[in-house]
Amino acid sequence: MSLHSAQTFEIGFGHDGAQSMSGSEAVIDHVTAHGDTVDIGDAGWVPGAIFDRQGFDLKIKGEDGQQLLIRDYFAQAKLADLSLDGGEGVIRGAVVERLAGPSTDGQYAQLDVSMGITIGSAEVVDGEAWATRIDGTRVLLEEGSDIFMGDVLETGSGGALLVTFVDETSFSLSERARMVIDELVYDPASSANTASFSLVQGLFVLISGDVSKTGEMTIDTPVSTIGIRGTSAVIEAAAEGEKNQITLLQDPDGSVGIIEISTGVSSVILDTLGASTSVTAYNQPPSAVEILSSQQIETLYSSTLATMRSSGSDGRAVGTGGDGDATPTDREEGDGREDEGGEAEENTDSSEISDEDLSELEPELEEEFAELSPEELEEEFAELSPEELEEEF
């Protein structure tokens, strides 16, 4: 199903021609059976709102008192996408269904058997964070709490959360963040694994696991779709019209992967450490790619990066290209890098003979060399290779 369609539901009007209102409640009424999207204007508040299923109707309540009722929304066999501000942002119907919960809390209704399977756990919880299960039950998370397929994860004001899945994919969530676990199918022996997540609101740091290397991993935000090819990244899900920035990071093993960011207009690929683009609307192209320095990345995303790193696991030590982030080449060669004091490390693989090595020569050799002039010494050893010199001494 396309994230955006020109076919929309009709807005209902009263007999006097005015749009139906109930107190401060705006009402979209008379949903048509064939509509693919519901258009909502001035919708910057919607991603952070409370979604409430009321029979066949959908009621959306904003933090600042906004209220919107979409009649007969759940009467459709295929739920409509919410098109925000004329297509600048999109919340897919499947995500709306998860945010609204089942028709009756605590009960399963027409749910896939795979939903409700444990697929991960909360590794770090700071402040308040919740998981809303597919049966509508809302659970306050603690470190070690199970995460299930279909969960809606949220953090409160001042809260932070780090979750790790069975394939070693990890997400850290900033305060006031919201995401939906759409799907995660993982078999270590398979090459057709799949995972999809919807980031509705907030700032996220991702370290992708085995699924991205042995199958397909996608992430949806209200303004973009992101294809993950074995990498780490910071992803911002802000309201449409605001800057949604995506930045490529260094994996804990020192490698840098690839991500593709697509809107309804075009796409860009990030494949360099610090590469960054921003998206403000689904119906606009991503910005030109720029390269952020390590200092810029640490400044922009400090708290969410800290949550990812706070587990103490080397597998969560995501890098930004700073002095402490070793690359595979650095770790293997060990030369040309500076230590903390700013001095270059010694090349431990060098075959050259140092002054210290010469000082350790046998006394009789020293006496022999002492009798030779500099010109004779140069002539004596000019044709010897470093290996021959080493064998000689």
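Look up: the structure comes first, before these words.
Residue numbers restart at each chain and count upward from 1, following the sequence in its written direction. With pLDDT at 70 or above as the cut-off, local features in this predicted model cover only qualifying residues; side-chain atom pairs require 80 or more to be listed or tallied, and sums for whole chains, interfaces and linings still use all residues. With hydrogens and water stripped out, all remaining heavy atoms of the structure feed into the side-chain values.

Caption draft 1: Quick peek at the layout of surface pockets. The definitions used throughout rest on a 1 Å grid laid over the protein atoms alone, on which a cavity is an enclosed set of points accommodating a 1.4 Å probe that cannot get out and a pocket is an open set flanked by protein within 12 Å on both sides along at least five of seven lines; lining residues are those having an atom within 4 Å of a point. Grid points are joined across faces, edges and corners, and a volume is the space filled by probe spheres set on the points. Considering only enclosed or pocket space, the second largest pocket measures out at about 590 Å³ in volume. Lining the second largest pocket are 30 residues, and of these Ala49, Ile50, Arg138, Glu154 and Arg178 lie nearest its centre. A run of DSSP states H or I qualifies as a helix once it reaches four residues; a run of E qualifies as a strand once it reaches two. Both are numbered from the N-terminal end. Taken together, the elements giving at least two residues each to the lining of the second largest pocket come down to β4 (50-54), α1 (93-100), β10 (129-132) and β13 (152-155). Here the term charged refers only to Asp, Glu, Lys and Arg, the term nonpolar to Ala, Val, Leu, Ile, Met, Phe, Trp, Tyr, Cys and Pro, and the term polar to all other amino acids, Gly among them. Residue composition of the lining of the second largest pocket, grouped by class: 10 nonpolar, 10 polar and 10 charged.

Caption draft 2: Up close: the sheet that holds strand β7 (residues 81-84). For two strands to count as paired, DSSP must find a minimum of two bridges between them. Strand order in this open sheet of 3 strands is β3-β7-β8, and the pairing throughout is mixed. The open sheet is flanked by β3 (37-40) and β8 (89-91), the only strands paired with a single partner. Ignoring strand direction, the axes of neighbouring strands in this sheet form an average angle of 25°. A fitted line through C-alpha atoms represents every axis, and for helices the fit uses only the stretch in contact; the resulting angles, taken between N-to-C directions, go from 0 to 180 degrees.

Caption draft 3: How the structure looks around the pairing of strand β21 (residues 244-249). Buried residues dominate β21, accounting for 6 of its 6 residues. Alternating positions in β21 separate into two faces, Asn244, Ile246 and Leu248 on one and Gln245, Thr247 and Leu249 on the other, with burial throughout. With 4 bridges joining them, strand β20 (residues 232-237) and β21 adopt antiparallel strand pairing. Paired with Ala233 across the two strands is Leu248, which belongs to β21. By the bridge criterion, 4 bridges tie β21 to strand β24 (residues 275-279) in an arrangement that is antiparallel. Each bridged residue has a counterpart across the sheet, and for Thr247 the counterpart in β24 is Ser276. Burial here depends on accessible area, computed with a 1.4 Å probe over protein chains only, as a share of the maximum for the residue type. Under 20% is buried, over 50% is exposed, and the range in between is partly exposed.

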